[in-house]
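Residues per chain are reported as follows:
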Amino acid sequence: MKLHHLQGYIQSVYLAEYSDKLLLLDGCSRADISMLKHFICNDLARPLTDLKLVVVTHMHPDHAGAVHKLKSLTGCKVAASGVSGQWYAGINGKLMHLTDILLAKWVAHRLKKPNKSIRYPSKLYADYQLEDGDFLPGFTDWQALETQGHTDRDLSLHHLPSDKVYVADLMVKVKGRYIPPFPVFYPNRYKASLQKIVSLNPTTLALAHGGLVQPTKDEYDHLIALAPNVPKTHLRTVKIFISKLLHR
């Protein structure tokens, strides 16, 4: 297995290459599709149909935004968490879906990326539902790990032979420091997920926002100390902001 680390629109993209197939570790953003097509067809000189499986670690725009189009282009299968229901369910879900797209566009602006459409369906119907400890279908050297907290259905992916773990948004590296992501809907689950990775003690972590890293014990401890004790969500943040304005 050769793990390719590519720069996506606003996040790192990880593509696992085998002699007879390809595995995409996350669903990327809609803006990443042309880059992926070029890399697979030109750099690797392989047909798009070699992409056999795409994992969606959670439903945010830079992790699920390309999956529907990639499935139609390649015929690949899609794997995601076995948590029931849709993340963006109901009226609040529709509002959160729109907010997450706007937040992703804000990140792109901060990164000085060109304005691109990143709209994508709010619902996902995966071919495979993954539980904690399941091996990826067709890629049994990879094991799915539940690492919830950022949302209710976050997955990490552990490549057993190399002891690398793709942790998606479990942590973010900013200016050389590791910090929790935004949002964190389930703080207790989030802390448990961090401890799970610390206990696993992998050789390397692959971050969606930070690349390939090897945090030290002190860096893990710092991250755990920063972990929120109460939910940090879109609505809660707006309420706090309004409250501060009213009490000035």
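Overview of the structure. Computed from a predicted model, the values in this text were never measured in an experiment.

## Focus: the nonpolar core
The biggest cluster of nonpolar side chains holds 37 residues, and the ones touching the most others in it are Leu15, Leu24, Val56 and Met59. Looking at this core, the elements with two or more residues in it are strand E2 (12-17), strand E3 (22-24), helix H1 (33-43), strand E4 (51-56), helix H3 (67-74), strand E5 (77-81) and helix H4 (90-110). Ignoring any residue separated from it by four or fewer positions in sequence, one finds Leu15 in contact with Lys2, Leu3, His4, Leu22, Leu23, Leu24, Phe39, Ile40, Leu44 and Leu51. In this structure, Leu53, Trp142, Ala144 and Ala206 belong to the second largest nonpolar core, which totals 19 residues.

## Topic: the layout of surface pockets
In this structure, the largest pocket occupies an estimated 840 Å³ of space. Along the walls of the largest pocket sit 27 residues, with Trp106, Val107, Val172, Phe182 and His209 positioned nearest its centre. Put simply, the parts of the chain that give the lining of the largest pocket at least two residues each are helix H2 (61-64), H4 and strand E11 (172-174). For the lining of the largest pocket, the leading source of residues is H4, giving 6 residues.

## A closer look at the sheet that holds strand E7 (residues 135-136)
Strand order in this open sheet of 6 strands is E7-E8-E9-E10-E13-E14, and the pairing throughout is mixed. Two strands in the sheet have a free side with no partner beyond their single neighbour: E7 and strand E14 (211-213). On the sheet, helix H5 (residues 187-200) packs against strand E8 (139-146), strand E9 (155-159), strand E10 (164-168) and strand E13 (204-207) and is oriented at approximately 140° with respect to E8.

## Here's the deal with the packing of H5 against helix H6 (residues 217-226)
At a closest axis distance of 10 Å, the pairing of H5 and H6 adopts a crossing angle of 170°. Judged on the interaxial angle alone, H6 and H5 are roughly antiparallel. Between H5, through Tyr190, Leu194, Gln195, Ile197 and Val198, and H6, the contact on the second element is made entirely by Tyr220, Leu223 and Ile224. Classifying every residue of the contact of H5 with H6 by side-chain character gives 7 nonpolar, 1 polar and no charged.

Criteria and thresholds
- Residues numbered from 1 in each chain as written.
- Predicted model: local features only at pLDDT ≥ 70, side-chain atom pairs only at ≥ 80, totals over all residues.
- Heavy atoms only, no water.
- Core = buried A, V, L, I, M, F, W, Y, C linked by side-chain atoms within 4.5 Å.
- Buried < 20%, exposed > 50% of the residue type's maximum accessible area, 1.4 Å probe, protein only.
- Helix = DSSP H or I, 4+ residues; strand = E, 2+ residues; numbered from the N terminus.
- Contact = heavy atoms within 4.5 Å.
- 1 Å grid on protein atoms, 1.4 Å probe; cavity = no way out; pocket = protein on both sides within 12 Å on 5 of 7 lines; lining within 4 Å.
- Points joined across faces, edges and corners; volume = space filled by probe spheres on them.
- Pairing = 2+ DSSP bridges.
- Axes fitted to C-alpha atoms, helices over the stretch in contact; angles between N-to-C directions.
- Parallel < 35°, antiparallel > 145°, perpendicular 65-115°, else oblique.
- Nonpolar A, V, L, I, M, F, W, Y, C, P; charged D, E, K, R; others polar.

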